[in-house]
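Structure assessment
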Amino acid sequence: MDQKEEKLDVIIFGASGFTGKYTIFEGIKLLEGLRWGIAGRSRDKVRQVLAEIEKKADKDLSEVPIVTADLKDTDSLKRMAERCKVLINCCGPYRFYGEPVIKACIEAGTHHVDVSGEPQYMERMQLEYHQKAQERGIYIVSACGFDSIPADMGTVFLERQFDGVVNSVETYMKFSSKIPFEGGAVLHYGTWESAIYGLAHANELRGLRTQLYKTRLPNFQPRLKNRPVLHKSSIVDGWWGIPFPGSDRSVVMRSQRYFYDVEKKRPIQMKAYIAFESLLHVLGVALVAAIFSILSRFKFGRQLLLKFPKLFSFGFCSHEGPSEKAMENTEFAILFKGVGWDKEEKLLEPNDQYKSPPTKKIVTKVTGTNPGYGATCVSLILSATTILREADKMPGSGGVYPPGAAYAKTSLIEQLCKNGFTFEVVKGAN
């Protein structure tokens with residue numbers, strides 16, 4: 001199809017990749033009524049993917065426009081961005097491949113969403129492109145997948161239900177399967193690769209944050225302390241909790257910083273944990289994490305991790321990724337424990353301190369299926385369509401934002417609940 005034809009509402013870029021394929025599949029339903037297309041480097045490869053999805057969905061996709069765009073060809077990226085209103089970017093690791101696409105979107109005046117869970121990339125893009133995106137009137141929102149829509153929008157949801165001032169939130173993520181574990185990978189290689197480089201360059205974050213935020217947040221009391229590295233938690237039925245090393249906390253804290261700086265609201269302190277039912281699971285994860293952490297520090301170690309993902313992850317990661325059956329039967333739950341004060345005790349200024357300890361608690365929960373790909377692709381597409389339909393409820397006239405800051409006043413949570421997620425109160429505020 002000629003690339004100069006009508007402007008599309010949405011283009012899914014990286015269509016032949018693992019996440020891209022599932023995004024197209026979910027898009028058949030979620031993009032109904034919109035004009036959408038797909039893009040990739042090789043037209044033949046993209047056509048092949050489209051044929052696979054046609055068969056799987058039992059749907060004629062022959063009219064879906066195909067756009068060719070190559071990350072090494074900036075003109076092709078710009079032509080692709082000019083062709084749509086919102087670009088869904090599935091090409092990671094974003095540390096290597098994200099910035100050229102964002103540049104093309106800014107030049108073209110096109111909104112951009114992605115599923116990056118890489119704090120260094122996200123915070124550098126905010127530092128370097130926030131003002132330019134504002135000037136162009138476009139929204140650039142990362143972390144629109146399982147990293148970190150459930151955590152960030154879940155914190156927004158908890159605050160909506162709290163009816164008061166939230167001091168702190170602790171989150172516990174847990175996974176379960178509807179069928180017995182049959183072995184095989186639970187992670188795709190792309191996620192593994194992003195995590196390797198994220199850990200290797202974690203020391204960049206301090207310098208980035210110093211540039212991003214010229215002033216430090218006040219020292220809010222009471223301070224939310226870290227739990228012991230290994231602990232049992234009653235809100236996950238006595239499962240074992242350990243600190244969650246993903247991007248959830250950094251994404252939530254960026255949203256909270258926005259609410260403090262722009263909306264003059266007391267920011268919520270947050271700590272993230274992941275829960276396991278047995279100590280054996282914890283020991284297995286700790287062993288992989290220790291090997292991963294040590295090898296990620298050195299170039300030779302990173303090469304080993306990248307070359308032998310199955311070996312060093314004890315089979316949990318592979319180039320093929322998890323099977324369809326395993327993904328469709330995996331369920332996730334994130335429980336949120338919020339603590340704070342009643343609305344009658346609200347202070348005048350966001351940086352005022354309370355004289356008394358918190359008096360109110362709430363427990364909320366976000367659940368869904370197939371976190372890595374089903375839930376990720378649904379939340380990614382809905383993040384894009386929310387920009388199309390509710391940009392007037394988003395911050396200012398544009399900019400680079402985390403999801404919580406971008407979508408807090410939109411109906412994204414309600415849309416997620418219509419499409420496989422649940423956001424609910426487990427134990428009401430008291």
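Below is a summary of the structure that appears in this document. (Residues numbered from 1 in each chain as written. Predicted model: local features only at pLDDT ≥ 70, side-chain atom pairs only at ≥ 80, totals over all residues. Heavy atoms only, no water.)

Within the protein, the regular secondary structure consists of 16 helices and 16 strands. Taken against the 2.2 N^0.38 rule, which gives 22 Å for 430 residues, the C-alpha radius of gyration of the protein at 21 Å falls within 12% of a compact globule. Here the C-alpha coordinates of the protein stretch approximately 65 × 50 × 40 Å along the principal axes. When each of the 430 residues of the protein is scored for burial, the buried share is 53%. Just so you have it, the protein exposes about 20000 Å², and 53% of that area is on carbon and sulfur atoms. (Helix = DSSP H or I, 4+ residues; strand = E, 2+ residues; numbered from the N terminus. Rg over C-alpha atoms; globule rule 2.2 N^0.38 Å. Buried < 20%, exposed > 50% of the residue type's maximum accessible area, 1.4 Å probe, protein only. Areas by Shrake-Rupley, 256 points an atom, 1.4 Å probe, with all protein chains shown as cover.)

The subject of this paragraph is a nonpolar patch on the surface. Residues Phe 181, Val 186, Leu 187, Leu 287, Phe 314 and Phe 316 make up a contiguous nonpolar surface patch of about 570 Å² in total accessible area. Looking at where Phe 314 falls in the secondary structure, it is placed in the loop between helix H12 (309-312) and strand S12 (317-318). (Patch = residues over 30% accessible without salt bridge, like charges linked within 9 Å, V, L, I, M, F, W, Y side chains within 5 Å. Salt bridge = Lys/Arg side-chain N within 4 Å of Asp/Glu carboxyl O.)

Here helix H8 (residues 204-212) has its buried residues at Leu 205, Leu 208 and Leu 212. Each buried residue of H8 lies within a common arc of 65 degrees when the element is viewed along its axis, so the set occupies one face. In H8, those exposed residues whose orientation departs by more than 90 degrees from the buried face are Arg 206 and Thr 210. Summarising the contacts, the buried residues of H8 are in contact with helix H5 (119-136). (Arc of directions from axis to C-beta. Contact = heavy atoms within 4.5 Å.)

Read from one edge to the other, the open sheet built from seven strands follows the order S3-S2-S1-S4-S5-S6-S15, with strand pairing classed as parallel. Because the sheet does not close on itself, it has two edges, and the strands there are strand S3 (66-68) and strand S15 (399-401). Neighbouring strand axes in the sheet, compared pairwise and without regard to direction, differ in orientation by 20 degrees on average. Two strands pair when backbone bridges link them, and strand S6 (residues 139-141) and S15 are joined in this way by three bridges, in the parallel orientation. Along S15, the bridge assignment pairs Ile 140 with Val 400. (Pairing = 2+ DSSP bridges. Axes fitted to C-alpha atoms, helices over the stretch in contact; angles between N-to-C directions.)

Attention now goes to the sheet that holds strand S7 (residues 164-177). On the basis of which strands lie adjacent, the open sheet formed by seven strands has the order S9-S10-S11-S7-S13-S14-S16 and mixed pairing. Every interior strand has two partners, whereas the edge strands, strand S9 (231-233) and strand S16 (422-427), have only one. In this sheet, adjacent strand axes meet at a mean angle of 35 degrees when their direction is disregarded.

To continue, consider the environment of Thr 155. As for its placement among the helices and strands, Thr 155 is situated in helix H6 (residues 149-162). For Thr 155, a relative accessible area of 0% corresponds to the buried category. Expressed as a C-alpha distance, the spacing of Thr 155 and Ala 408, which sit 253 residues apart in the sequence, is 9.8 Å. Excluding residues that lie within four positions of it along the chain, Thr 155 makes contacts with Val 169, Val 252, Gln 256, Ile 268 and Phe 336.

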